[in-house]
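Chain and residue survey
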Amino acid sequence: QVQLVESGGGLVQAGGSLRLSCAASGSIFSVNAMGWYRQAPGKQRELVAVITSSGSTNYDNSVKGRFTISRDNAKNTVYLQMNRLKPEDTAVYYCNAEIKPRPSRVLFDYWGQGTQVTVSS
């Protein structure tokens, strides 16, 4: 069994900062890409940022220059540093990871339970 556990969400004023963490645990052989998605009320889930196992990153245009994704491969943990937050960043943020539970070619997609981020104006 593999679990992704997120932490770090909360309520912050516009212009403020938050840092999200997501730790993968359980039966893990290797972790490929890790990323953060978000879903606002009434909207579809969207990609916020992704980081490969080698450290290459990609961001949605709406967060470029404000958010930074990073990871600690030794801890199977991914982080999202969110600065200069805006009310439109309000959403439930979900962690995602591509994981091989055992030595094989098969990758499985895992999701965290979600953490609420609310930015007040």
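Structure's up top.
Residues numbered from 1 in each chain as written. Predicted model: local features only at pLDDT ≥ 70, side-chain atom pairs only at ≥ 80, totals over all residues. Heavy atoms only, no water.

What about the nonpolar core?
One recurring pattern in soluble globular proteins is that nonpolar side chains are buried together. Counting 30 residues, the largest nonpolar core has Trp36, Leu80, Met82 and Tyr93 as the members making the most contacts within it. Among the elements of the structure, strand 1 (2-7), strand 3 (18-26), strand 4 (30-39), strand 5 (46-51), strand 7 (67-72), strand 8 (77-82), strand 9 (91-100) and strand 11 (115-120) are those that each provide at least two residues to this core. Examining the composition of this core, we find that five residues originate from one element, strand 9, more than from any other. When residues no more than four places from it in sequence are discounted, the contact partners of Tyr93 are Glu6, Leu20, Trp36, Tyr37, Arg38, Val48, Phe67, Leu80, Met82, Gly114, Thr115 and Val117. (Core = buried A, V, L, I, M, F, W, Y, C linked by side-chain atoms within 4.5 Å. Buried < 20%, exposed > 50% of the residue type's maximum accessible area, 1.4 Å probe, protein only. Helix = DSSP H or I, 4+ residues; strand = E, 2+ residues; numbered from the N terminus. Contact = heavy atoms within 4.5 Å.)

Side note on unusual backbone geometry
Despite not being glycine, Asn76 has its phi angle at roughly 50°, a positive value. Of note, Asn76 is situated in the loop between strand 7 and strand 8. Of note, the phi angle at Arg84 is positive, near 45°, even though the residue is not glycine. Topologically, Arg84 is positioned in the loop between strand 8 and strand 9.

Details of the sheet that holds strand 1
In spatial order, the strands read 1-3-8-7; together these four strands make up an open sheet with antiparallel pairing. Taken across any chain shown, the strands that pair with only one partner, and hence form the sheet edges, are strand 1 and strand 7. Averaged over all pairs of adjacent strands, the angle between their axes in this sheet comes to 15°, without regard to strand direction. Pairing of strand 7 with strand 8, which is carried by six bridges, proceeds in the antiparallel orientation. Opposite Thr68, over in strand 8, you have Gln81 as the bridge partner. (Pairing = 2+ DSSP bridges. Axes fitted to C-alpha atoms, helices over the stretch in contact; angles between N-to-C directions.)

Section: the packing of aromatic side chains
Within this structure, the stated rule accounts for two aromatic pairs. Between the aromatic rings of Tyr37 and Trp111, the centroid separation amounts to 5.0 Å while the plane-to-plane angle is 65°, which identifies the pairing as edge-to-face. Highlighted residues: Tyr37 in strand 4 and Trp111 in strand 10 (residues 108-111), separated in sequence by 74 residues. Residue class for Trp111 comes out partly exposed when judged on its relative accessible area of 36%. Aromatic side chains Phe108 and Tyr110 sit 6.5 Å apart centroid to centroid with 50° between the ring planes, which places their arrangement in the tilted category. Sitting above the plane of the Trp111 ring, Arg45 keeps its charged end 4.7 Å from the centroid. (Phe/Tyr/Trp six-rings, centres within 6.5 Å; stacked < 30°, edge-to-face > 60°. Lys NZ or Arg CZ within 6 Å of the ring centre and 35° of its normal.)

Observations regarding the pairing of strand 11
For a regular strand, side chains alternate in direction, first toward one face of the sheet and then toward the other. Of the two faces of strand 11, only the one carrying Thr115, Val117 and Val119 is buried; Gln116, Thr118 and Ser120 on the other face are not. Where strand 2 (residues 10-13) and strand 11 come together, four bridges link them in parallel fashion. Bridging across to strand 11, Gln13 finds its partner in Ser120. As judged from the three bridges shared by strand 9 and strand 11, these two strands associate in the antiparallel manner. Residue Ala91 lies in a different strand from strand 11, and its bridge partner there is Val117.

Observations concerning the environment of Gly42
Relative to the elements of secondary structure, Gly42 occurs in the loop between strand 4 and strand 5. Along the sequence, Gly42 and Gly16 sit 26 residues apart, while their C-alpha atoms lie 25 Å from each other.

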